[in-house]
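Coordinate analysis (summary)
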Amino acid sequence: MRSTQQSIPAGTCQRDAYSVQQGQPELELSDKQTGTIRYIEHGCPSWRIRWHYHDEYELHFIAASRGKVFIGDYIGSFEPGNLILTGPFLPHNWISQVTPGESCELRDQIIHFDNDVIMGIADLVPEMQGLMPLLERSRYGIEFIDQTELAEHYMAHIKRSTGVARLGYFCQLMDALAGCQDYRLLSTEQIRLPADEALQERINRVVNYVMQHYQNSISLAEVATLVNMSESYFSRFFRKATGNRFSDFINRIRISKACELLAHTDQYITTICYDVGFNNVANFNRRFFEHKRVTPSDYRKQTRQRYRSQQTLPG
């Protein structure tokens with residue numbers, strides 16, 4: 001979580017302090033390597049870990065660590081094997097939950113590719129038209145479920161190859177993902193914003209404060225004062241920058257933390273309700289159902305059933 005007195009630098013990773021640069025997203029000028037397909041990898045901490053966007057598609061594979069993922073207005077959890085495709089200008093960030101001083105040599109394997117180049121190829125090669133529905137969906141962010149082996153296989157080949165061989169592996173991977181039926185869309189909106197360093201600093205201050213205090217009551221007046229804004233102006237400002245109303249943002253953080261506790265602990269649901277910042281169980285159940293479309297108890301049952309089924313799979 002964050003200090004209320006200072007902004008934590010981009011790329012910082014802290015335990016239970018998802019260092020989210022989740023304000024006005026930073027425009028990233030991607031590494032313009034030679035070739036249609038650009039492979040990038042990095043560890044944690046890294047300067048790349050920040051709330052940002054760029055004009056390319058990004059296929060992002062998590063090789064190590066767990067934490068929070070932010071895609072547009074979506075807030076969720078990630079773990080090794082997480083594979084997400086984001087479209088151009090869709091803000092995103094992955095924040096690892098690690099102990100102070102802990103580092104990870106290889107956390108992310110990433111492929112960047114240009115929209116104009118892919119569309120140009122599709123005009124010349126009819127077979128590429130099969131990727132168009134996938135690329136259109138990616139503007140909301142797509143999480144592919146249980147595709148770890150596929151991602152590991154092709155990321156390794158793309159990393160080691162160049163030229164036509166790299167392009168060939170990329171096409172095979174994208175063809176497999178285009179045919180994947182087990183996926184989910186993440187952001188409810190296509191958020192496209194210009195970078196503004198001054199606004200980013202102010203809203204990062206608010207997000208840092210929320211991450212520090214989400215277990216307690218947080219008023220709109222409290223955070224508006226933090227950035228020297230009126231309540232009405234702050235409400236509009238925050239909604240534009242993150243795609244969330246401020247109250248919804250707090251609830252998303254709380255529900256996401258509740259999901260972790262439901263899945264990985266045996267705490268009573270009542271205890272979890274108060275631990276994540278809700279002041280009564282009825283409100284917690286209502287908000288949880290709004291976000292997850294199941295009750296907390298059903299969510300716990302479903303996650304444990306999935307875990308047991310994975311444990312019994314052959315091989």
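Before reading on, note that the structure itself is shown above.
Overview of the structure. Positions within a chain are numbered from 1, following the residues in the order the chain's sequence is written. For a predicted model such as this one, the threshold for reporting local features is a pLDDT of at least 70, and the threshold for listing and counting side-chain atom pairs is 80 or more; totals across whole chains, interfaces and linings nevertheless cover every residue. Only heavy atoms go into the side-chain values, all of them from the structure, while hydrogens and water stay out.

Side-chain rings of Phe, Tyr and Trp, where Trp is taken by its six-membered ring, are said to pair if the distance between their centres is within 6.5 Å; with planes under 30 degrees apart they count as stacked, over 60 as edge-to-face, and otherwise as tilted. Taken as a whole and judged by the stated rule, the model has 11 aromatic pairs. Their ring planes at 50 degrees and their centres at 6.4 Å tell us that Phe 234 and Phe 237 sit as a pair that is tilted. Taken as a pair, Phe 234 and Phe 237 lie in helix α7 (residues 231–242) at a separation of 3 residues, close to a single helical turn. Pairwise contacts between aromatic rings join Tyr 233, Phe 234, Phe 237, Phe 238, Phe 246 and Phe 249 into one cluster. Counting as a charge over the ring demands two things of the Lys NZ or Arg CZ atom: a distance within 6 Å of the ring centre and an angle within 35 degrees of the ring normal. Above the face of the Phe 278 ring, Arg 254 is positioned so that its terminal group lies 5.9 Å from the ring centre. Each helix is a run of H or I in the DSSP string that is no shorter than four residues. Each strand is a run of E no shorter than two, and both are numbered from the N terminus.

Further remarks concern the packing of helix α8 (residues 246–264) against helix α10 (residues 281–292). To get an axis, fit a line to the C-alpha atoms, keeping to the stretch in contact for a helix; angles then go from 0 to 180 degrees between the N-to-C directions. It is at 10 Å that the axes of α8 and α10 come closest, and there the two elements cross at 90 degrees. The pairing of α8 with α10 is recorded here as roughly perpendicular in orientation. Residues Asn 251, Arg 252, Ile 255, Ala 258, Cys 259 and Leu 262 of α8 pack against Phe 284, Arg 287, Phe 288, His 291 and Lys 292 of α10. An angle below 35 degrees is treated as roughly parallel, one above 145 as roughly antiparallel, one from 65 to 115 as roughly perpendicular, and anything else as oblique. Throughout, a contact is declared for two residues whenever any of their heavy atoms are within 4.5 Å.

A few words now on the nonpolar core. Core analysis: the biggest nonpolar cluster contains 27 residues, and Leu 59, Ile 111, Phe 113, Phe 144 and Met 174 have the highest contact counts within it. Membership of the second largest hydrophobic core comes to 25 residues, among which are Trp 51, Val 206, Ile 218 and Val 223. Nonpolar cores are built from buried Ala, Val, Leu, Ile, Met, Phe, Trp, Tyr and Cys residues. Side-chain atoms within 4.5 Å join them into one set. The buried label goes to any residue with under 20% of its type's maximum accessible area, the exposed label to any with over 50%, and the partly exposed label to all in between, with areas taken from a 1.4 Å probe on protein chains only.

Once that is clear, we can look at the pattern of salt bridges. Oppositely charged side chains are able to pair whenever their charged atoms sit close together. In what follows, salt bridge is the name for a side-chain nitrogen of Lys or Arg lying within 4 Å of a carboxyl oxygen of Asp or Glu. Scanning all chains against the criterion turns up 12 salt bridges. The salt bridge partner of Glu 79 is Arg 66, with a shortest N-O separation of 3.8 Å. Taken as a pair, Glu 79 in the loop between β6 (74–78) and β7 (83–86) and Arg 66 in the loop between β4 (56–62) and β5 (67–71) lie far apart in primary sequence, 13 residues in all. We classify Arg 66 as partly exposed; its relative accessible area is 49%. Close ionic contact of Glu 260 with Lys 257 constitutes a salt bridge, the shortest N to O distance being 3.6 Å. In this pair, Glu 260 and Lys 257 are both assigned in helix α8, 3 residues apart and thus about one turn of the helix distant.

The analysis is restricted to geometry; functional conclusions fall outside its scope.
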